[in-house]
Structures are given as structure tokens and as C-alpha cells.
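Letter by letter, the chains look like this.
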Amino acid sequence: MMNNPIQLHVITRIVAFIILAFSVFLFFAGHNNPGGGFIGGLMTASALVLLYLSFDLKTIKRVIPFNYERIIAAGLLIAIVTGIVGMFFGFPYLTQFFEYYNVPILGEIELTSALPFDLGIYLVVVGFTLLTILTIAEDDS
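Residues numbered from 1 in each chain as written. Predicted model: local features only at pLDDT ≥ 70, side-chain atom pairs only at ≥ 80, totals over all residues. Heavy atoms only, no water.

- As recorded in an unreviewed UniProt entry, the protein chain goes by the name Na(+) H(+) antiporter subunit B, listed as coming from Salisediminibacterium beveridgei.
- Comment text from UniProt for the protein chain, heading Subcellular location (unreviewed entry), reads "Cell membrane". (UniProt positions renumbered as here; feature names shortened; annotations may be inferred.)

What about the overall build of the protein chain?
Part 1 of the argument: Regarding its fold elements, the protein chain presents five helices and two strands.
Part 2 of the argument: The linear arrangement of helices and strands in the protein chain, starting from the amino end, is α-α-α-α-β-β-α.
Part 3 of the argument: The globule rule puts the C-alpha radius of gyration for 141 residues at 14 Å, and the 19 Å found for the protein chain is more than 25% above it.
Part 4 of the argument: Principal-axis analysis of the C-alpha atoms gives the protein chain an extent of 65 × 40 × 25 Å.
Part 5 of the argument: When burial is assessed residue by residue, the protein chain has 31% of its 141 residues classed as buried.
Part 6 of the argument: Of the contacts formed within the protein chain by residues at least 6 apart in sequence, a portion of 62% connects residues at least 24 apart.
Part 7 of the argument: Of the charged side chains in the protein chain, 5 are positive and 9 negative; the average position of the first set lies 17 Å away from that of the second. (Helix = DSSP H or I, 4+ residues; strand = E, 2+ residues; numbered from the N terminus. Rg over C-alpha atoms; globule rule 2.2 N^0.38 Å. Buried < 20%, exposed > 50% of the residue type's maximum accessible area, 1.4 Å probe, protein only. Contact = heavy atoms within 4.5 Å. Lys, Arg positive; Asp, Glu negative; His and termini not counted. Charge placed at Lys NZ, Arg CZ, Asp CG, Glu CD.)

Thoughts on the packing of helix H4 (residues 68-85) against helix H5 (residues 114-138)
Part 1 of the argument: The N-to-C vectors of H4 and H5 enclose an angle of 155°; their axes lie 7 Å apart at closest approach. It follows that H4 is roughly antiparallel to H5 by the angle criterion. As H4 packs across H5, the resulting crossing turns out to be left-handed. Here H4 contributes Tyr-68, Glu-69, Ile-71, Ile-72, Gly-75, Leu-76, Ile-78, Ala-79 and Thr-82 to the contact with H5, which in turn contributes Pro-116, Phe-117, Leu-119, Gly-120, Ile-121, Leu-123, Val-124, Gly-127, Phe-128, Leu-130, Leu-131 and Leu-134. (Axes fitted to C-alpha atoms, helices over the stretch in contact; angles between N-to-C directions. Parallel < 35°, antiparallel > 145°, perpendicular 65-115°, else oblique. Left-handed = near helix turned anticlockwise from the far one by under 90°.)

Re the side chain of Thr-129
Part 1 of the argument: Mapping Thr-129 onto the fold places it in helix H5.
Part 2 of the argument: If sequence neighbours within four positions are ignored, Thr-129 has contacts with Leu-42 and Ala-45.

A closer look at the nonpolar core
Part 1 of the argument: Core analysis: the biggest nonpolar cluster contains 18 residues, and Leu-48, Leu-51, Tyr-52, Ile-60, Ile-64, Tyr-68 and Leu-130 have the highest contact counts within it.
Part 2 of the argument: Looking at this core, the elements with two or more residues in it are helix H1 (6-29), helix H2 (37-54), H4 and H5.
Part 3 of the argument: It is H2 that contributes the most residues to this core, six residues altogether.
Part 4 of the argument: With residues up to four places along the chain from it excluded, the contact list for Tyr-68 reads Tyr-52, Gly-127, Leu-130, Leu-131 and Leu-134. (Core = buried A, V, L, I, M, F, W, Y, C linked by side-chain atoms within 4.5 Å.)

Thoughts on H5
Part 1 of the argument: Given a rise of 1.5 Å per residue, 25 residues ought to cover 36 Å, and the 36 Å separating the end C-alpha atoms of H5 matches this to within 8%.
Part 2 of the argument: All of the buried residues along H5 are Ala-114, Asp-118, Gly-120, Tyr-122, Val-125, Val-126, Gly-127, Thr-129, Leu-130 and Leu-134.
Part 3 of the argument: Residues of H5 that are buried sit in contact with H1, H2, helix H3 (57-63), H4 and strand S2 (107-112). (Expected span 1.5 Å × (residues − 1).)

Topic: the pairing of strand S1 (residues 98-103)
Part 1 of the argument: In this sheet, S2 lies alongside S1 in antiparallel orientation, the contact comprising six bridges. Within the sheet, the bridge partner assigned to Tyr-100 lies in S2 and is Glu-110.
Part 2 of the argument: Taking the residues that link successive antiparallel strands as the turn, the S1-S2 hairpin has three residues. (Pairing = 2+ DSSP bridges.)

Overview of the environment of Val-81
Part 1 of the argument: As for its position among the elements, Val-81 is in helix H4.
Part 2 of the argument: With relative accessibility at 43%, the residue Val-81 sits in the partly exposed group.
Part 3 of the argument: In this structure, the C-alpha to C-alpha distance between Val-81 and Tyr-93, residues 12 residues apart in sequence, is 9.9 Å.

So this is what it looks like as C-alpha cells:
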């Protein structure tokens, strides 16, 4: 019997793509509906963990050469700076601002300060989850 996991690799790529697309939807739906940076980050981390399980660690590390400690630091910096910006205008920490703009092709869109904050949370969750899981997976003792 052949030990060729090509079907597993193909199905994993398709499922990981679907999970990543859904995580992007949850990320952008977060400031008005349930979702946002935390759940979007967990969905992204689950898609990447699925890739790590299907392929080996060396292959995925070569394809996705991210330093998860730096991703966590960047996420924390984005989330903290987003909260501090309102304080420069005399508002309390983490005050949310939003405005509607007309974009020629897209129509009216809402820009909000919750989106960069969610991006920071998203990066922290993805980085922390993958750093924890990969640290446990690489422990040989």
C-alpha cells in the first residue's frame, strides 16, 4: 500500500483557505456584529495549525517564515497606540471614533478606530496561539 498523503494535502489546502476566508469575514464584521480580532485570530491560527498538522513543521516554516514573537509585539503596539490616540484629543482611553465616507465604486463605507484595535488583537491572538502550539510541538523531551 502506498503511503502518499496527496489527498490529505489537497483537502487541507482547500479547508485552510475556507477557514482563512471566514476569519477575514469575522475580522471585518467584528465592530458591528459578533466577531472581530479575537475570533478572527483564532480562526486564522486554526487554519495554520491545520497546515502544520498536514504537512511537517519544516515545510510550513519554510513557506510561512513568521516570527511569532514579533507578531505579538506588533499587535500589542497597534492595540495600545489605538487606545492612546483618543487621549491626545481629550477623550478617555479606548474611546471609539467612526465616520462614514463615500467611495466612488464601493459607495458609503464606515471607518472606525475599532478596526486597528481589532487588528492588534488579531495579531496577538494569532502569534500567541501559534507560538504556544509550536513550542509544545517542538519539545522533544
